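# Reading the structure
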Amino acid sequence: MIRKPEECTKDYREQMRGGEGTVEITKFVTPAELNDKGRLFAKITLKPGCSIGYHVHETDSELFYIMSGTAEYNDNGEIKTVSAGDVTICPAKTGHGIANKTNETVELIAVIVYAE
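Residues numbered from 1 in each chain as written. Predicted model: local features only at pLDDT ≥ 70, side-chain atom pairs only at ≥ 80, totals over all residues. Heavy atoms only, no water.

## Considering the nonpolar core
What counts here: Nonpolar cores were defined as sets of buried Ala, Val, Leu, Ile, Met, Phe, Trp, Tyr and Cys residues, with membership established by side-chain atoms within 4.5 Å. Summary of the burial criterion: residues with accessible area below 20% of their type's maximum are buried, those above 50% are exposed, and those between are partly exposed, where the area comes from a 1.4 Å probe applied to protein chains only. Numbered from the N terminus, helices here are DSSP runs of H or I no shorter than four residues, and strands are runs of E no shorter than two.
Formed by 20 residues in total, the largest nonpolar core has its most connected members in Val23, Ile44, Leu46, Ile52, Phe64, Ile98 and Leu108. Broken down by secondary-structure element, the contributors of at least two residues to this core are β2 (22-27), β3 (38-46), β5 (60-68), β6 (70-75) and β10 (106-114).

Okay, structure coming up:
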């Protein structure tokens, strides 16, 4: 199966997880296409000033692959700078958030998999 970009669904979330601005999420697959082992495989776009607020993953883990740009990543309470090529890992029972405080767009791939 091949899915073309125009076949992917886009969501726009205002103040996602208590963050700032509008986050664009391009979903590539459905949870069923992940064999119900996860709930997200998507591209997330953070325009300047946009963020996803800090939140804890109780029963799943989330990974980010930073495709472009530079962002501040809240790694379970510790602020770190991430940029293109970096991978972040947020295991179950830990938290994270990400903020674009630059003048350039940040794009990342996000994958959420179930811990159990």
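There's more to say after this.
## Some thoughts on the packing of aromatic side chains
Operational definition: Only Phe, Tyr and Trp rings are paired, with Trp represented by its six-membered ring, and only when their centres lie within 6.5 Å; those with planes under 30 degrees apart are stacked, over 60 edge-to-face, the remainder tilted.
Inspection of the entire model under this criterion finds two aromatic pairs. A ring pair is formed by Phe28 and Phe41, whose centres lie 5.0 Å apart and whose planes are at 65 degrees; its orientation type is edge-to-face. Of the two residues, Phe28 sits in the loop between β2 and β3 while Phe41 sits in strand β3, which places them 13 residues apart along the sequence. Looking at Phe28, the relative accessible area reads 21%, which means it is partly exposed. When its relative accessible area of 31% is taken as the criterion, Phe41 is described as partly exposed. Taking 6.1 Å as the distance between ring centres and 75 degrees as the angle between the ring planes, the aromatic pair formed by Phe64 and Tyr73 counts as edge-to-face. Here Phe64 and Tyr73 have matching classes, each one buried.

## Focus on the sheet that holds β3
For clarity, the cut-off: Should DSSP find at least two bridges between two strands, the strands are regarded as paired. Orientation is described by lines fitted to C-alpha atoms, with helices fitted over the stretch in contact, and by angles between N-to-C directions that extend from 0 to 180 degrees.
Read from one edge to the other, the open sheet built from six strands follows the order β1-β2-β3-β10-β5-β8, with strand pairing classed as antiparallel. With one partner strand each, in any of the chains shown, β1 (9-14) and β8 (87-90) form the two edges of the open sheet. Adjacent strand axes in the sheet meet at a mean angle of 25 degrees when their direction is disregarded. As paired elements, β1 and β2 share six bridges and run antiparallel to each other. The residue bridging Tyr12 from the neighbouring strand is Glu24, located in β2.

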